[in-house]
Structure formats: C-alpha cells, structure tokens
Amino acid sequence: MRHTKTALLGLAIGLIAVLPAAAQEEANTERLPPKAVSFSFEGPFGTYDRGALQRGYQVYKEVCAACHSADHLAFHNLMEEGGPGFTEAEVRALAAQARVPAGPDEQGNTTDEKGQPLMRPATLADYFPKPFANEEAARANNGGALPPDLSMIVKAREGGPEYVYSILTGFHEDPPAGFKVVDGKYYNPYFEGRNISMPPPLVANGVTYSDGTKATIDQEAHDVTTFLTWAAEPKMEDRKRMGFGVLIFLIALAGVLFAAYRKVWKDAH
Amino acid sequence: MAATTSDAGTRRDFLYVASGAMGAVGVAAAAWPFIDQMNPSSAALAAGTTEVDISTIQPGQQVIFKFRGHPLFVRRRTPKEIEESKAVPVSALPDPLAENANLAANAEATDANRATKPEWLVLIGVCTHLGCTPTVSTPQMPQGEYGGWLCHCHGSQYDTAGRIRKGPAPRNLDIPVYTFLSDTKIKVG
Amino acid sequence: MSGPSTYNPKSGFEKWIDQRLPLPRLMHDTMHTFPTPRNLNIWYTFGGILTFCLAVQIVTGIVLAMHYVANADLAFNSVENIMRNVNYGWLIRYIHANGASMFFLAVYIHMFRGLYYGSYKNPRELIWIIGVLIYLLMMATAFFGYVLPWGQMSFWGATVITNLFSAIPVVGDHIATWLWGDFAVGDATLNRFFSLHYLLPFIIAGVVGLHIWALHVPGNNNPLGIDVKSPQDTVPFHPYYTVKDAFYLVLFVILFAVFVFYAPNFFGNPDNYQPANPLVTPPDIVPEWYLLPFYAMLRSIPNKLMGVIVMGGAIVTLVFIPWLDTSRVRSCRFRPTMKWLFWFFAGACVILGYCGAKPVDAAFAGIPLVWVARLATAYYFAFFWLLMPIIGLIETPKKLPASIAQSVLGDSAAAPAE
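Here the structure is a predicted model, which means the values were calculated and not measured.

**Q** An account of the domain arrangement of chain B is needed here, citing residue identities and associated values.
**A** Per the domain assignment, the segments making up chain B are domain 1 (1-39) and domain 2 (45-188). The distance between the C-alpha centroids of domain 1 of chain B and domain 2 of chain B comes to 54 Å.

Following this line, the structure appears as structure tokens:
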C-alpha cells in the first residue's frame, strides 16, 4: 500500500517534470539553463579574485570594448577598494592610452582639419570611451543589432554571471538537426531564440595575459565575467563585510532584548 | 523575599540599560552613512584634478579657469607688479602666512612663497571673507589701492601677490596644490 | 479604556509644559501606562514594525532625493551614480528598495492578523477602514517609487498601470492622457510621479496617526477576541510591550539586513537594470511581488473593463468586511469553520500571487494557470461576500473563556503579580 502510494507520487512528479521538458524539446528555440560554474565572489564571504579582475579588464578592453560600451565605469573605479586593485600610476597610464571627446579648442573648433571630432587622452575622472558615437552608428556597424552596454549586464540578465559565462562559451556547438540558423547570426543555445547576432568573441590565446595564465576560451570567459560582475556591483565586498558586522551586532542586541523581555514578562504571569 | 525582589530588579535594570545602550550605539552607527552621503562622492573627488593651458596668457593678464567648482585665477605678473609685491615687508601684512598648499602651513607670506615661478600667480578666486569672487585690478581699470584684486561684496583689497591688505577678509587668497607639467601647462589639485 | 489620565508631572518645568502643550501627557498615556491586553502574541508586534518601516522609508527616501534626478534622460544614470559614487549610496538605495518589500511583508501579516482575530469588528471598524486607506496609499506610493529608477520594468509597469484607467468608458483615454501629461509615459509622467512619491509618505504618516488614535479609543483587540473586563486583563504598555515589540523588531531587522546585505536584488527584476526603452517591451511585465495577486486577477479576466473592476473590487471589498462578518465572535480561535475558510483564503492569495508571477500562458501540471487564477479570484470574492455573512450566522462558536486573565493565568488565577 505504502509502496503503491510512493510509486504513484513518483509517477506524478515525473510527469510534471517531463511535460515541460518535452514541450521544450519541441520548441527548440527556448534557451538552455545557464551552465553551472562557480566564481570566487559567490556566497556570503565571497570576494572578487583580483587576478581575474585584472585579466578580465584586459579581455574587456581588448575584445568586448570594440563593440560594447560600459557607460557607468570610470577610470578611477579601477583603483578603488574592492575592485581590480590597480595602482593609481597604472590607472593613469591606462587612462592616458584611451582617447575621449575633448571640448572645443581656443578657436571654438570642435573638429580637427580632417573634420574628425577633437579628442584628448582620458583622465582618472573620465568614463570609459564608447566604441560608437550613438545607437545608430552602433547598429550600422553590427548588422542592425545593438551591442548592449556592459556595465550592468550581469545584473540585467536572468541568471547573472552564469548566464554571461554561458553565452561567451556557448558558441561552437552544432545546432540540432533541422534547426535553422538565421543568416548573419550564430547558434548559441544559451541565448533566447538561440540565434545570436554577436559573432563568437573569444578565441584561445586571443589575449596575452601578463601573469602567464593560459588564455583558453573558458579562462577568458571566466575572467571577463568576474570583471563584469564587479562592474555591475562594485560595492559587493564592502556590502558583505558590513553586513557581517551588522548581523553580529543585531543578533547580540536581540539576545539582550530577549533576556530583558523574558525578565519583564516573568513578573506578569 | 525582599532580597529576591531587589535582585530581580537589579538584573532587570541592567538588561534595560544594556538594551538601551546597545540600541543607542546601533542608531549612532546607522546614522553615519546618512551623514557621509552628503560628502563629495567618489566621482567628485576623482574630478578634483584639473590641467590648464597657460600658453596664451599675456603679461599683465589674468585668466579664470574652473577648479572644483571654484574660479581659479592664473595671473601672469609684470616685472613691476612683482617688484611692488616684493617690496612689502611680511610684518606689514594682516595675514603673515603664505596660505600656500604646496608649502608648510607656517610658511611666511613672502612673494617667493606666494609664487614659485615669480611670473605666475595661481590662486583660488574665492574671497576669504565670505566667498565672493574678487575683481582683478589692471592699470586701465584699477580695483582698490594695491593693484591686485578688490572684492566688491564687502570691500576686501588684495595686493599683486593675492595677499589681503585692507578690508574684512581674514586671510590671503588660497593657493591650491599645483605643479608645472611644462612651461605652458599646469596641473592643479 | 482611555480612561482618566494618570500623568503626574514631576517637576515644575513639566507642569509648565503640561499646562500649555500636553504632549508629554499624551506620550505618557498612549505609550507608557496605556492598558494593553496581557495576551497579545507575536502577530501583534507588527504595528510597531510597520511604524519602523515607514520611518526607514522616509529617512532613506529623503536622502535618495538629494541625489536623484527626476528627468527621463538622467534618472537612470542618477540612480547608478547613487549606487557607485555617492558615499554609502548603495546601502541607502538597497535599504529603500528592499524596505518597500519588507514594508508590504509586514503590512500583509498585520492585515491577515486583523482578519484572523476579527480586529475589524465592532467597535474597531474605523481602525480597519483607515488601515485599508493606508494600504491603498502604500500601493500608490510603491508604484510611483518603482517608476523612478526609469528602467525597463519601471517604464512598462507605469505604462500598463496607467492604461488600466483607459478601461473606464468614455473618459478613460482622457484620464490616461491626463495622468501621463503627454501622449505616452514620459518625462512629464516621471516628474509628477516623483512629486507624488515624495508627498504620499507624509500623508501616510498622518493617516497612521489617525489609525493609532482610533486604536486608542477602544484599545487593542487580542487573540481571544473578548473584551477587557478588569484591570487584571491588562498590563501597562511600558515596559511589557515596549520590550516585546523591540525584541521582535530586531528579529525583523535581522531578516531585513539579510536581504539588504546578502540578496539585495532578490525582490528586484533584472529588466530594471536596463534603461527605459519606449520601443521595446520586455517579454514578461511583472509587478513587484506584493501586487502580484491583484495582477493575477486582472489577467484572469478576458474583458478589459471587467478585469479592472474585479481588481479594484478586490481592494474596495476590504472596506465592507466589518459589516460582511455577521458572527458575534471575533477570533477565529473560536470559529471552527471560519478558521478553515480563513486558511483557504490565505492559500488563495498565495496561489494568485504565484499565478501573477508566471507568464500569461503558463500551466501547472497541465492546468492552465489562468483557470487556477479564476478559481482563486472567485474564492477571494466568495469568501467575503458569501461565506463571511452566511458562516457567521450558521456556525456554532466554541465556548469563550470568561476573561483574558482567566485564560492566561488559569482558573485558579492566584493573586496577580502586580
């Protein structure tokens, strides 16, 4: 009797589990759940891996930034506590390499002799340069698709870091038989609709890490995902550290109050 | 019986005081973020450095730049103005201190301490009285008796080294941290 | 219950104040000596917790308004500036955002407690109705606030909710346009929503004052639902309930802190970290969790006007509860049938919330959720308009205890400690 009941229950649960799965197989354009991958910043005590942040910044700068903006990041963020941990001198050098739009010169010109907008080297206070001047230019250069801003991509997508990592490493899989990849797009099963406009961005040894880490696609994806998570949530380490102190204090306060509460009410009964 | 009651009372009082004290500490600690949020943000602090190009400034001319939201006076002094300034003994000054952020706090207000390169005077253009912007004096349009600046709000007069000479302002005009990146470029802040 | 004042000014200064502005007397009588039933349980601590929530939202909100810019082009970036550059801005914003959820969590517990123990019944009808008004104001405030970050969900949530008014025949479209101040949700809408979001909490604070004033006329209801009969049934508010409320408040703050520091975006929607884009609607528009049950009702009705009426009716119904309940017993503790129907009702609300969170065409074990939501909606209305009046008449309540003191201290009720 007991066994029959368990079996029936199992069957019911099985059916519930199978039904949506079957439906998904049919639809075929539903995205797969993100890959299970672990990061140093997970959990209540997790912190960002400084090496991964610095390598991730390199991947962002050398690969992603060609098409994607990161509007909310400024150079001075790179040397702030809880971030990649570059020194001020390093960040000044990084900023000096970047060029950002300059104001008008003494004569009031906003363009040079060739008609190009005036540019100047960036300073610590400047935000990261944008790859395209406006949305139209971005679309025109990317087959009509708009590369999303990356400063908050990890918080702006269901699945967060795992999702971003899965997209980056989700190319190079053969589409199932009968799946139609739209012209000019790429097959990526972790993307909604499975047709993605972004060409596979990462290749093995696409960047050369100065710390000697081997630049596999997985490594690059892992590093840049760490960097983008920091970009989206730069105060995470501060937040977790402060939260720990606050909770300890509150628990102690609750303890004292509980004692007072018990003491007061003991007299009332 | 009486003893027990009084013991219980003591213990209860202790718990009250402990709860109250902890609560007060908690509230005080929680207040800090709400106070500190009004201080300049990290973006404002990062924007605290300004580079100015001084190549086009003529002798006897002053150009005003913006630095941390304040006017920044850069004045290219004529030899006459420099001489006038050097002739003033420090003992005759209302404020004998250099007020130069590049020097020690007790440096004297000599002309050399006010301008590292005698030709160039770099000042925060904020009257030390109540924060108005003083007007520069030129031979064509003199402002005040000392050839420097006159603050029209309450009549403070500064000399050609930006030192207070007359009027209600207590201190000489402040000199910010600055360095010459080249002969024509100054980094301020 | 609000008998003669027992305030006794000690110093000459206190006497001087008392004769001119009896504020210390008011505080003394309402928060110190106020006789409170001795059997209030944990669910009665949420009034204090809610006051705390309101204070936190107002304080953090005032601070956020120092940095926020109510302009369609700048709003999103100004919020990110708060998160990244303003000192402790991330903390203050996460407290404010999660504070809204904690506020609603507390208010729902507070409301269900009132429902279970019959706290809306004579003589406390007005307390309940004022409470419903506070709840409505809270929903409006939360909605306006959710629009301010000007993310995708802000924008489309504002669009969907304001479009509800266009369901009103004849004048509906004009009302929607009037609300927007434009042909669609835009800069004008954002500015007026910011203004109202700043205003309403102070109105709420005022109405909360009335709520507490009205409470202090008959005094607290209690889990037994019987009236206070003798001083033995009560204890002074201080220290008994100050210390009890404080303890449970700290437990609540611990939960609050866990969300703020370790899961700050738990209640949020990823789409709201994308700037508003009037040309692209996100695939699933979902309101914040506390509005989901009403949203599920709206979606389960295929007719636009009917959907809006049903949703509005669900809230308006709450006002009539004091007269829909015909039972002469207050507390569900002594109402064997009503107790079950109450829990079914709570379940229906949770189910509605679940349905509201899922996509329109979702199904659970093969059953389309829209039908589940219809069933739950039907029960919601049947509970108040059919079951409450009928069960009240036919149900035989259990025997009520003679007094609160007898119930708490036992029959032999030895000489009380006091």
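**Q** Pulling in residues and values, what's your account of helix 12 (residues 304-324) of chain C?
**A** An α-helical turn contains 3.6 residues, so a residue and the one three or four places further along point in the same direction. Residue and element names in this part refer to chain C. For helix 12, spanning 21 residues, the distance from its first C-alpha to its last is 28 Å, which sits close to the expected 30 Å at 1.5 Å a residue. Maximal helix bending in helix 12 amounts to about 45°, located at L318; proline P322 follows within four positions. Taken as a whole, helix 12 has its buried residues at G307, V308, V310, M311, G313, A314, I315, T317, L318, I321, P322 and L324. In the core, the buried residues of helix 12 are packed alongside helix 5 (89-116), helix 6 (125-147), helix 7 (152-164), helix 11 (292-300) and helix 14 (369-394).

**Q** Quick rundown of the sheet that holds strand 6 (residues 147-150) of chain B? Include the residues and the values.
**A** Residue and element names in this part refer to chain B. What the four strands build is an open sheet, ordered 5-6-7-8; its pairing is antiparallel. The open sheet has two edge strands, strand 5 (135-136) and strand 8 (164-166), and neither has a second partner. Note: strand 7 (residues 157-159) against strand 8, two bridges, orientation antiparallel. Note on strand 8: the bridge partner recorded for Q157 is K166.

**Q** Can you lay out the packing of helix 5 of chain C against helix 6 of chain C for me, pointing to particular residues and giving the numbers?
**A** Residue and element names in this part refer to chain C. Viewed as axis vectors pointing N to C, helix 5 and helix 6 meet at an angle of 160°, and their least axial separation amounts to 12 Å. Between helix 5 and helix 6, the crossing angle belongs to the class labelled roughly antiparallel. Judged by the twist between their axes, the crossing of helix 5 over helix 6 is left-handed. Across from F103, F104, V107, Y108, M111, G114 and L115 in helix 5, the residues of helix 6 making contact are W128, Y135, M138, M139 and A142.

**Q** If you had to explain unusual backbone geometry to someone new, which residues and values would you point to?
**A** Residue and element names in this part refer to chain C. That bond from N122 to P123 is cis: its omega, 10°, falls within 30 degrees of zero. Positive phi is not limited to glycine here, since Y88 has a value of about 60°. By secondary structure assignment, the location of Y88 is in the loop between helix 4 (75-84) and helix 5. For A365, which is not a glycine, the phi torsion comes out positive at approximately 50°.

**Q** If you had to explain the interface of chain C and chain A to someone new, which residues and values would you point to?
**A** Opposite the 39 residues of chain C that make contact, chain A presents 39 residues. When the two sides are added together, the surface that chain C and chain A hide from each other amounts to roughly 3,400 Å², 71% of it contributed by carbon and sulfur. Counting across the interface, chain C meets chain A through zero salt bridges. Viewed at the interface, chain A and chain C are joined by ten residue pairs in polar contact (both at pLDDT 80 or more).

**Q** Would you mind going over the interface of chain B and chain A in detail, with residue names and values included?
**A** Every contact between the two is made by 16 residues of chain B and, on the other side, 15 residues of chain A. Buried area between chain B and chain A, summed over both chains or domains, comes out near 1,400 Å², and the portion from carbon and sulfur atoms is 72%. Together, B:R12, B:L15 and B:M22 form the three largest contributors to the area buried by chain B at its contact with chain A, with a combined 35%. Seen at the junction of chain B and chain A, the total is zero salt bridges. Linking chain B with chain A are zero residue pairs in polar contact (both at pLDDT 80 or more). Among the elements of the structure, helix 1 (2-36) and helix 2 (42-46) of chain B are those that each provide at least two residues to the side of chain B that touches chain A.

Reading guide: rules and limits
- Residues numbered from 1 in each chain as written.
- Chains lettered and ligands numbered in written order.
- Predicted model: local features only at pLDDT ≥ 70, side-chain atom pairs only at ≥ 80, totals over all residues.
- Heavy atoms only, no water.
- Domains from an automatic or database assignment.
- Helix = DSSP H or I, 4+ residues; strand = E, 2+ residues; numbered from the N terminus.
- Expected span 1.5 Å × (residues − 1).
- Bend = angle between axes of the 7 residues up to and from the residue.
- Buried < 20%, exposed > 50% of the residue type's maximum accessible area, 1.4 Å probe, protein only.
- Contact = heavy atoms within 4.5 Å.
- Pairing = 2+ DSSP bridges.
- Axes fitted to C-alpha atoms, helices over the stretch in contact; angles between N-to-C directions.
- Parallel < 35°, antiparallel > 145°, perpendicular 65-115°, else oblique.
- Left-handed = near helix turned anticlockwise from the far one by under 90°.
- Buried area = accessible area lost by both parts, 1.4 Å probe.
- Salt bridge = Lys/Arg side-chain N within 4 Å of Asp/Glu carboxyl O.
- Polar contact = N/O pair within 3.5 Å; in protein donor to acceptor, adjacent residues only side chain to side chain.

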